[in-house]
Amino acid sequence: MPQTRFLQVCKMVRSRSLRRTQAFLTALRRRKALSAATGANHMNRYESPRSGGEARIRYLDGDFQILSPGNYVRCAVTGQTIPLDELKYWSAEHQEAYIDAAAAMSRMRPE
């Protein structure tokens, strides 16, 4: 498997699709972090569930680190659960996750 990934990266670099290569490597790093944090070595979320419960996350600019494993995080505005595979919106400054762009914007707007 690692050799296949390496070949995919080489092909992407050769075709000069730097943006696709960076997106691929970012996704690969996230998968590696998820599997390391949960102790699982699964690439597909339907193969095996992670340890249940809420995850503790450290939100970074454009990425996040899993501090303690779990299936989901909670939206800071609505309180809804967000599966880690679907987490797209967060604030590194406030260390909060958001369910969608509208929730993120409502938190960012001064009241």
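Note that residues are indexed from 1 along each chain, following the sequence as it is written. Residues qualify for local features only when their pLDDT is at least 70, as the model is predicted, and side-chain atom pairs are given and counted only at 80 or more; totals for whole chains, interfaces and linings, by contrast, use all residues. To obtain the side-chain values, all non-hydrogen atoms of the structure were used and water was disregarded.

A. A look at the overall build of the protein chain. For the purposes of this entry, the term helix denotes a DSSP run of H or I that reaches at least four residues, the term strand denotes a run of E that reaches at least two, and both are numbered from the N terminus. A tally of regular secondary structure across the protein chain gives three helices and six strands. Starting at the N terminus and walking to the C terminus, you meet the elements of the protein chain as α-α-β-β-β-β-β-β-α. Only protein chains enter the calculation, and the probe is 1.4 Å; a residue is then buried if its accessible area is under 20% of its type maximum, exposed if over 50%, and partly exposed in between. Residues classed as buried in the protein chain amount to 24% of the 111 residues present. Should any heavy atoms of two residues lie within 4.5 Å, those residues are considered in contact. Look at the contacts in the protein chain between residues 6 or more apart in sequence, and 29% of them connect residues 24 or more apart.

B. Looking closely at the pairing of strand β2 (residues 63–68). Here, strands pair whenever DSSP counts at least two bridges between them. Judged from the five bridges that link them, strand β1 (residues 56–60) and β2 form a sheet pairing that is antiparallel. Looking at the pairing, R58 lines up with Q65 of β2. Between the end of β1 and the start of β2, which pair antiparallel, lie two residues, with G62 showing a positive phi angle near 80°.

C. Examining the pattern of salt bridges more closely. Between Lys or Arg on one side and Asp or Glu on the other, a salt bridge is scored when a side-chain nitrogen of the former is within 4 Å of a carboxyl oxygen of the latter. On inspection of all chains with the given rule, the structure shows two salt bridges. A salt bridge links E96 to R107, with the nearest nitrogen and oxygen atoms 3.1 Å apart. Residue E96 is found in strand β6 (residues 96–98), and its partner R107 is found in helix α3 (residues 101–108); the two are separated by 11 residues along the sequence.

D. Seen up close, the packing of aromatic side chains. Only the six-membered ring of Trp is used, alongside the rings of Phe and Tyr, when aromatic pairs are assigned; centres must lie within 6.5 Å, and planes under 30 degrees apart are stacked while those over 60 apart are edge-to-face, with the rest tilted. Counted by the stated rule, this structure contains two aromatic pairs. Note on F64 and W90: the rings are 5.4 Å apart at their centroids and 90° apart in plane angle, and the pair reads as edge-to-face. In this pair, F64 is assigned in strand β2 and W90 in strand β5 (residues 89–91), connecting sequence segments 26 residues apart. The exposure class assigned to W90 is buried, which follows from its relative accessible area of 18%.

E. The nonpolar core, seen in detail. We call a set of buried residues a nonpolar core when its members are Ala, Val, Leu, Ile, Met, Phe, Trp, Tyr or Cys and they connect through side-chain atoms within 4.5 Å of each other. If you look at the biggest cluster of nonpolar residues, it comprises 15 residues, and the most contacted ones within it are I57, Y59, F64, V73 and L87. Of all the elements in the fold, those that place two or more residues in this core are β1, β2, β6 and α3. Aside from chain neighbours lying at most four places away, what touches F64 is R30, I57, R58, Y59, L84, L87 and W90.

F. Focus on unusual backbone geometry. Despite not being glycine, Q95 shows a phi value in the positive range, around 55°. Mapped onto the fold, Q95 is located in the loop between β5 and β6.

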